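In case you want the letters, here they are:
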Amino acid sequence: MLIEDEKVIKSPDTLRENRLPPGQEIRENFPILHHGRTRKIDISKWTFTISGLVEEEKMLNFEEFISLPQVKVLSDIHCVTGWSKLDNLWEGVSTSTIKELVNILPEAKFAIVHAVGGFTANLTLSDFFEPDVLFAVKHNNKPLTPEHGYPVRLVVPRLYFWKSAKWVTGFEFTDKDRPGFWESRGYHNRGDPWKEER
Ligand SMILES: Nc1nc2c(c(=O)[nH]1)N[C@H]1C(S)=C(S)[C@@H](COP(=O)(O)O)O[C@H]1N2
Ligand SMILES: [Mo]
């Protein structure tokens, strides 16, 4: 069983006795939510860029990205619209692995994640580098579907799912916080589901 697999990083929510944050209900299916249309990505043209407050910016193509060491993370999804989906097995590249690819300048305090079409999501570096945060390529042992962010999406298990940007093209280190797509449209800047930061 995947849940017994020792190599799986278990997001802290999955170890709680009560796994359902206030105002949420369980869904067995996997709803699809995003602004605009589903993005169709040509993997041969896809790139992942690490920019901003780093000594040298770095760009990877998909082949280089997928050659990085991979991790598995078990997480619960909490969407701000009220549904939660438990026991999701993600596979991909940990933000802690990505961290080793660049020298981050000391002024850097935030990560702004970028996705196709100008979508962004902002995170403090402490939230971004939690050990259960990853750039996922698989969900429950299958490659992501286009609707769920193929080829690469961010997964931030401890925050509402709007932070988990789909169709990611990289991220930027900044010294100042910059509210992302949903954060600048009325959603909370951080989004802790246990505090109902909606
Ligand atoms: N690029 C992009 N990523 C996005 C969004 C978006 O509009 N664009 N919406 C977010 C929101 S609000 C949610 S709830 C989740 C939904 O992910 P899912 O469709 O895989 O369930 O994606 C997040 N990632
Ligand atoms: Mo959402």
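Keep in mind that this is a model prediction, so the values were computed, not measured.

Draft legend 1. View of the site of ligand 1. Close to ligand 1 lie 19 residues; Pro31, His35, His148, Arg153 and Lys166 are nearest. One nitrogen or oxygen atom from the main chain of Leu33 is found 2.9 Å from an oxygen atom belonging to ligand 1. Here Ser164 contributes a backbone N or O atom positioned 3.1 Å from a nitrogen atom of ligand 1. For the shell around ligand 1, the per-class residue count stands at 13 nonpolar, four polar and two charged.

Draft legend 2. View of the pattern of salt bridges. Scanning all chains against the criterion turns up 13 salt bridges. In this structure, Glu172 and Arg178 form a salt bridge, with 2.8 Å as the shortest nitrogen-oxygen distance. Overall, Arg178 belongs to the partly exposed group, its relative accessible area being 38%. Through salt bridges with shared partners, a single network forms among Asp127, Arg190, Asp192 and Lys195.

Draft legend 3. Summary view of the pairing of strand S12 (residues 168-174). Most of S12 sits inside the fold, with six of its seven residues counted as buried. Relative to S12, strand S3 (residues 47-52) runs parallel, the two being bridged by four bridges. Across the sheet, the residue bridging to Ile50 is Phe171, located in S12. Both strand S7 (residues 110-115) and S12 contribute to a ladder of six bridges, which runs antiparallel. When the sheet's bridge partners are listed, Phe110 is paired in S12 with Thr174.

Draft legend 4. Structural view of the nonpolar core. Among the nonpolar cores identified, the biggest contains 36 residues, and Phe48, Phe65, Phe135, Phe171 and Phe173 are the most heavily contacted of them. Within the residue set of this core, elements represented by two or more residues are S3, helix H1 (62-66), S7, strand S8 (120-124), helix H3 (125-128), strand S9 (134-139) and S12. Residues within four places of Phe65 in sequence aside, it is in contact with Trp46, Phe48, Leu60, Val93, Ile98, Phe135, Val137 and Val152. Residues Phe30, Val73, Ala136 and Phe161 belong to the second largest nonpolar core, which totals 11 residues.

Conventions used here
Residues numbered from 1 in each chain as written. Chains lettered and ligands numbered in written order. Predicted model: local features only at pLDDT ≥ 70, side-chain atom pairs only at ≥ 80, totals over all residues. Heavy atoms only, no water. Near = heavy atom within 4 Å. Polar contact = N/O pair within 3.5 Å; in protein donor to acceptor, adjacent residues only side chain to side chain. Nonpolar A, V, L, I, M, F, W, Y, C, P; charged D, E, K, R; others polar. Salt bridge = Lys/Arg side-chain N within 4 Å of Asp/Glu carboxyl O. Buried < 20%, exposed > 50% of the residue type's maximum accessible area, 1.4 Å probe, protein only. Helix = DSSP H or I, 4+ residues; strand = E, 2+ residues; numbered from the N terminus. Pairing = 2+ DSSP bridges. Core = buried A, V, L, I, M, F, W, Y, C linked by side-chain atoms within 4.5 Å. Contact = heavy atoms within 4.5 Å.

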